[in-house]
Amino acid sequence: KAVAVFQGKAELSMCMPYALTQAESMSNVVMDVTPNMIFVIGSDMKILDCNRKGQDLLGVGREEAVQRYIFEFIETEDIEEVLDTKKPVMHKKIKIDNDRLTVEETIVYIDNLDAALVTYQDVTREEKVREQHYKLKVGTVEMAQKGDRGAAWRDNGRDESYIDEIERLDIE
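As the structure is a prediction and not an experimental result, all values here were calculated from the model.

**Q** Which parts of the structure should I look at to understand the pairing of strand S4 (residues 101-110)?
**A** Successive side chains on a regular strand alternate, one facing one side of the sheet and the next facing the other. Most of S4 sits out of view: eight of its ten residues are buried. Of the pairings in the sheet, the one linking strand S3 (residues 89-96) to S4 comprises six bridges and is antiparallel in character. Residue pairing for S4: Lys95 is matched across the bridge by Thr102. Hairpin connection from S3 to S4: four residues lie between these consecutive antiparallel strands, with Asp97 at a positive phi of about 55 degrees. Here S4 runs beside strand S5 (residues 115-122); their pairing, made up of eight bridges, is antiparallel. Its bridge partner being in S5, Glu104 is matched across the sheet by Gln121. Where S4 folds back on S5, the antiparallel hairpin that results is connected by four residues, among which Asp114 adopts a positive phi of roughly 50 degrees.

**Q** What exactly am I supposed to notice about the pattern of salt bridges here?
**A** Taken as a whole and judged by the stated rule, the model has six salt bridges. As a salt-bridge pair, Glu72 and Arg68 come within 2.8 Å of each other at their nearest N and O atoms. What makes Glu72 partly exposed here is its relative accessible area of 39%. With its nearest N and O atoms 3.0 Å apart, the salt bridge here joins Asp78 to Lys92. Separated by 14 residues along the polypeptide, Asp78 in helix H5 (residues 77-85) and Lys92 in strand S3 bring together distant segments of the chain. By relative accessible area, which is 10% here, Asp78 ends up buried. One salt-bridge network, in which partners are shared between bridges, spans Glu64, Arg68 and Glu72.

Cut-offs used in this document
- Residues numbered from 1 in each chain as written.
- Predicted model: local features only at pLDDT ≥ 70, side-chain atom pairs only at ≥ 80, totals over all residues.
- Heavy atoms only, no water.
- Buried < 20%, exposed > 50% of the residue type's maximum accessible area, 1.4 Å probe, protein only.
- Helix = DSSP H or I, 4+ residues; strand = E, 2+ residues; numbered from the N terminus.
- Pairing = 2+ DSSP bridges.
- Salt bridge = Lys/Arg side-chain N within 4 Å of Asp/Glu carboxyl O.

As structure tokens, then:
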């Protein structure tokens, strides 16, 4: 093929090494631009690979990350379970990074590598909004029961009125 490409009898895109390089390059781009934290963890709990967001979570570069074990950074109970049972953990909400982040965890077993693919999707903002809406609903019920529009907010140590709180949530 290389000779055919050189002689102009074939397109470069038809060359297998070129196609493989292109596919790997595309894979690396996807890994680096995804907002999710992605790790490949070996059966010995060693980090085999991680993307840029994963490196940010760990606070180390890729070169250092692949020389360390995942348990040095995060709780590994779910990862160990997947490696032992080969059964996935799908969309489980957990807290990581000293409870600073709420993430949706997905872990699947990679048979040919005897490893686990771990993906953390940051849902911290969504969880905070959900919590605010819940508090607003509770406050609304309390106000309706008391018959005093601002009582529930004052009782919770808040100076904002009910209307101000609704407008604030709608803006966010």
